[in-house]
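Below are the chains, spelled out letter by letter.
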Amino acid sequence: MSSLKLKTTILDRSISKGKNEVSLNGFALLFSEIVQYCQNRVSTVPELQAKLSEFGQQVGIRMLDLLIVREKNGKREIKLLQILIFIKSTVWKSLFGKEADKLEHANDDDHTYYLIEKESLVNRFISVPKDKGNLNCAAFSAGIIEGILNTSNFPAKVTAHWHKGTTYMIKFDESVIVRDKQLEGR
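Residues numbered from 1 in each chain as written. Predicted model: local features only at pLDDT ≥ 70, side-chain atom pairs only at ≥ 80, totals over all residues. Heavy atoms only, no water.

As recorded by an unreviewed UniProt entry, the chain carries the name Trafficking protein particle complex subunit 5 and is attributed to Daphnia sinensis. Its UniProt record gives the chain a comment under Subunit (unreviewed entry), which states: "Part of the multisubunit TRAPP (transport protein particle) complex." Under the Function (unreviewed entry) heading, UniProt states for the chain: "May play a role in vesicular transport from endoplasmic reticulum to Golgi." (UniProt positions renumbered as here; feature names shortened; annotations may be inferred.)

Shown next as structure tokens:
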């Protein structure tokens, strides 16, 4: 009697949490290759940051789908503050092994929030040449945030800045603020 061994494909595996750790060396190598790939296709620092952000948006879209199934049992956030807390805690823990350091609301603008990280993992292993002095590779992480927000129906523009470490400025579309105020009024 012969025993048949069925091959399991990735589609047959459970999407439960599993082991979600990647070695820091592996991440650093892969990310440096992404930066070099983008750098070879652009000529200015703003173009490079935009390219990194595009890559990050694709990661954000896929991470959102995965985390909604794993962590939230298929339920998506509909309130502005809840999606920001989800990004600060769940998304950041899943991607970088720890929560982001702070989430702040701008005092002078209802549309603007800041996610602050004292030491960004994506900037830790990048040495910036002198001719690209203002390069912030955290544009990749900003793209992840933007991808998650836009896919979750919270249209926003996210940019990375050097302030208190790395600060992600999240500027929401007017429609998001109006919708959130209507939800609070219920």
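Participant: Is there a simple way to explain the side chain of Glu 77 in this structure?
Facilitator: Among the structural elements, Glu 77 can be located in the loop between helix 2 (45-72) and helix 3 (80-96). In contact with Glu 77, other than residues within four places in its own chain, are Lys 72, Gln 82, Ile 83, Phe 86 and Phe 154. (Helix = DSSP H or I, 4+ residues; strand = E, 2+ residues; numbered from the N terminus. Contact = heavy atoms within 4.5 Å.)

Participant: When you look at the sheet that holds strand 4 (residues 166-172) in this model, what are you seeing that I'm missing?
Facilitator: Two modes of strand pairing occur in sheets, parallel and antiparallel, and in both the strands are linked by backbone hydrogen bonds. The 4 strands lie next to each other as 1-2-4-3, forming an open sheet whose pairing is antiparallel. Two strands lie at the open edges of the sheet, namely strand 1 (102-105) and strand 3 (156-162), each paired on one side alone. This sheet shows a mean twist of 20° between the axes of neighbouring strands, independent of strand direction. With 7 bridges connecting them, strand 3 and strand 4 associate as antiparallel partners. Looking across to strand 4, one finds that His 161 is bridged to Thr 167. (Pairing = 2+ DSSP bridges. Axes fitted to C-alpha atoms, helices over the stretch in contact; angles between N-to-C directions.)

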